[in-house]
Amino acid sequence: MIRMAGVLLAGILAASPVITVGAAPGADAASEVGAGTTETVTVSEMTDMDVAGTDRAASYDVEKFVLPEDAGVLVVVEGTGGVDCTVRAFEQVDGSWVKRVEAAGHLGKNGLSNDRTEGDSTTPIGLFQMNTPFGQAAASDGFPANYIQVDSSYVWEDDTNRLVQGSTAEGERVGSAGYAGYYDYVLDFGYNPQAISGKGSALFLHCEGADTSGTHGCVAIPTESMREVMKLYGTYGDGRCYIALAPEGTFDRIYSSYGANDGLSPEGDFTSSR
């Protein structure tokens, strides 16, 4: 069954380019990749999948997410209380979503929010197109062709919400020792693609480190699980991989939210019904 996605920001939500400041003569800047068509296909799923070690089943129906028809990967982050979440990654195979990864994870220290502001340590609610595969660790087989092994010269800029090499602007030095382990493998959510001031930047899916008390807004999962998600991204590449984030019992409010509200979170009440 085909649906219209109602995508308002197809160009803006394309994969984020990596900018090199002071590139060598003749070097080509990375180009944006299109976000795909606005038609979507509704596909079947494996429902009520139990989380290993718990009795929780998924509170969402993955077939109801409205995405471009060429979507290949969907990561679903389900908040289960406090900083805890369950992360499942699905791959579309022959018109059906098949679960490939399932892991317990951690959210921002202040949980999930659809009204995120810079520095509030909340994880944004919504449905976004992931982009910019990078990490401090070397690429493994199956990783995206455009995966970047970062060093201390790379900054995720606050003002542009982009990864930039050689920048002197304010932002996260993603290749620095302080992020060792956490940033072995990283994907950007795709939240706030227009870099609207005060709404936050550098919101990532990344590896879990020693501190499991919550993040500053990212989602952290075990390193091996993150490696597998990166390989899934590598199978399909920029413009075909998505992430959905919401408290359990509230996913009906984001099923059709891709591209809404300038790439920020959708409006509404996200009080969990569970």
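A quick note: this is a predicted structure, and the numbers were derived from the prediction, not measured. (Residues numbered from 1 in each chain as written. Predicted model: local features only at pLDDT ≥ 70, side-chain atom pairs only at ≥ 80, totals over all residues. Heavy atoms only, no water.)

Caption draft 1: Main features of the overall build of the protein. Along the protein, the regular secondary structure elements total 1 helix and 18 strands. Buried residues in the protein amount to 54% of all 274 residues. The contacts of the protein with a sequence gap of at least 6 include a subset with a gap of at least 24, amounting to 64%. As presented, the protein carries roughly 11100 Å² of accessible surface, and 47% of it is formed by carbon and sulfur atoms. (Helix = DSSP H or I, 4+ residues; strand = E, 2+ residues; numbered from the N terminus. Buried < 20%, exposed > 50% of the residue type's maximum accessible area, 1.4 Å probe, protein only. Contact = heavy atoms within 4.5 Å. Areas by Shrake-Rupley, 256 points an atom, 1.4 Å probe, with all protein chains shown as cover.)

Caption draft 2: Inspection of the pattern of salt bridges at higher detail. Tallied over the full model, the rule gives 9 salt bridges. Among the salt bridges present, the one from Glu-91 reaches Arg-100, with a minimum N-O distance of 2.8 Å. We classify Arg-100 as partly exposed; its relative accessible area is 43%. Of the charged contacts, one joins Lys-99 and Glu-102 as a salt bridge, the two residues approaching to 2.3 Å between their closest N and O atoms. A residue is classified by how much of its surface remains accessible, and Lys-99, at 25% relative accessible area, is partly exposed. What emerges from the salt-bridge pattern is a single network uniting Glu-78, Arg-88, Lys-99 and Glu-102. (Salt bridge = Lys/Arg side-chain N within 4 Å of Asp/Glu carboxyl O.)

Caption draft 3: Quick look at unusual backbone geometry. A positive phi angle, near 55 degrees, is found at Asn-161, a position not held by glycine. Position of Asn-161 relative to the elements: it lies in the loop between strand E12 (154-157) and strand E13 (163-165). Overall, Asn-161 belongs to the buried group, its relative accessible area being 1%. Although it is not a glycine, Ala-195 sits at a positive phi angle of roughly 55 degrees.

Caption draft 4: Geometry of the environment of Arg-173. Relative to the elements of secondary structure, Arg-173 occurs in the loop between strand E14 (171-172) and strand E15 (186-188). Arg-173 gets classed as partly exposed once you look at its relative accessible area, which sits at 35%. Distance from Arg-173 to Val-150, taken between C-alpha atoms, is 9.4 Å for residues 23 residues apart in sequence. Only 3.2 Å separates the side chain of Arg-173 from the backbone oxygen of Ser-167, close enough to count as a polar contact. (Polar contact = N/O pair within 3.5 Å; in protein donor to acceptor, adjacent residues only side chain to side chain.)

Functional significance is not addressed by these values, which are geometric in nature.
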